[in-house]
Amino acid sequence: MIDHQPGPAVAKLLHEFNPEQPFETTRSQSALAHLRSAFMNGRALAVLGSGWQRGSNQLIRRFLEEADGAATVLQIPASCATELQGQQALITAMGFDPKDLAGRDLHKIFVNFLKFQSKRRRRTIIVETDSGAENCWLRDYVTRLLEMDANAKFGLMIILSRQVKSAPAAGELPLDSLSYRTAKHIVLTPFTQAETRSFVRWRLDAKEDVDIGGIFDFQAITLIHELCEGLPDAIDQLVCESLKLADVEDVAPVTTDIAVSYTH
């Protein structure tokens, strides 16, 4: 009688996922180099298009850690639904309390901060996440910031992180300023099939000597890649849901039928 050895439980595989090393591809390494060159060459805007939220956040975080000694970083979260909320987030990041301040007052504080930074010969990096229709105000606000910096030469750099479903053409993104047309455009998507297999192993935090075939059938990973068109966020979701369904159905390894079942 064969002693059946069950694979790792889904809860254990997915709980508190925190691998020791970040997941890198040739494209992500190149994207980091592009961010560095944009900063060194004084570009006012770098647009990072990605279908992988965790990956783009990780990339930006690495870049900011490198630039820490030469710049001050201000963050506008994707949760900001209006320009006023965005301005308040900037002022909060600068260490001021925005309570009861009107938009005009917030803008004055921000400009004075940029002047102070410029006198110190220190760059200011604003990181903004464009989540689509929820913060459509961002387009006009970024354009005005770029025009202001072009006139005053404050040394501002904006990193605009955008979630995309495919690699966008530069002209398709809705910003009209000259700074935008000359911005550094960086795209992280999609994965190749080989990268998808490496990503699945990394996502499960499995070591190289672990037989991942005991968790995912080879063809299942290929199918997941094709169904998701290589987009990391979609791959991540389908991998997790396939594991959960396989656990419920008591199937190991995950098969193509399991992956297809979730998409129906």
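What this report covers is the structure whose coordinates are included nearby. (Residues numbered from 1 in each chain as written. Predicted model: local features only at pLDDT ≥ 70, side-chain atom pairs only at ≥ 80, totals over all residues. Heavy atoms only, no water.)

## Thoughts on the overall build of the protein
Looking only at helices and strands, the protein has eleven helices and five strands in total. For the protein, buried positions account for 45% of its 264 residues. Considering only contacts within the protein whose residues lie at least 6 apart along the sequence, 73% involve residues at least 24 apart. Of the accessible surface of the protein, which amounts to about 14400 Å², a share of 51% is contributed by carbon and sulfur atoms. (Helix = DSSP H or I, 4+ residues; strand = E, 2+ residues; numbered from the N terminus. Buried < 20%, exposed > 50% of the residue type's maximum accessible area, 1.4 Å probe, protein only. Contact = heavy atoms within 4.5 Å. Areas by Shrake-Rupley, 256 points an atom, 1.4 Å probe, with all protein chains shown as cover.)

## Here we look at the pairing of strand β1 (residues 45–50)
For β1, the tally of buried residues reaches six of six residues, placing the bulk of the element in the interior. Where β1 and strand β4 (residues 156–163) come together, six bridges link them in parallel fashion. Across the sheet, the residue bridging to Leu 48 is Ser 161, located in β4. Direction of pairing for β1 relative to strand β5 (residues 184–187): parallel, over a ladder of four bridges. Counterpart to Ala 46 in the pairing with β5 is Lys 184. (Pairing = 2+ DSSP bridges.)

## Focus on the packing of helix α4 (residues 83–93) against helix α6 (residues 137–152)
For the pair α4 and α6, the least separation of the axes is 10 Å and the interaxial angle reads 55°. Compared by their axis directions, α4 and α6 come out oblique. Only Trp 137, Tyr 141 and Arg 144 of α6 make contact with α4, whose side of the interface consists of Glu 83, Gly 86, Gln 87 and Leu 90. When grouped by side-chain class, the residues that make up the contact of α4 with α6 number three nonpolar, two polar and two charged. (Axes fitted to C-alpha atoms, helices over the stretch in contact; angles between N-to-C directions. Parallel < 35°, antiparallel > 145°, perpendicular 65-115°, else oblique. Nonpolar A, V, L, I, M, F, W, Y, C, P; charged D, E, K, R; others polar.)

## Here we look at unusual backbone geometry
At the junction of Ala 252 and Pro 253, the peptide bond is cis and its omega measures out at -5° in the coordinates. Here Pro 253 shows up in the loop between α10 (232–249) and α11 (256–263). Of note, Asp 100 is a non-glycine position whose phi angle comes to about 65°, a positive value. Among the secondary structure elements, Asp 100 is positioned in the loop between α4 and α5 (103–119). Residue Asp 100 is classed as exposed on the basis of its relative accessible area of 74%.

## Section: the pattern of salt bridges
Summed over the entire model, instances satisfying the criterion amount to six salt bridges. The salt bridge involving Arg 144 is made with Glu 83; its shortest N-O contact spans 2.3 Å. Here Arg 144 is found in helix α6, whereas its partner Glu 83 is found in helix α4, with 61 residues between them in sequence. Of the residues examined, Arg 144 reaches a relative accessible area of 40% and is grouped as partly exposed. Across the salt bridge formed by Asp 236 and Arg 203, the nearest N and O atoms sit 2.5 Å from each other. On the criterion of sequence distance, the pair formed by Asp 236 in helix α10 and Arg 203 in helix α8 (residues 193–203) is long-range, its members being 33 residues apart. When its relative accessible area of 8% is taken as the criterion, Arg 203 is described as buried. (Salt bridge = Lys/Arg side-chain N within 4 Å of Asp/Glu carboxyl O.)

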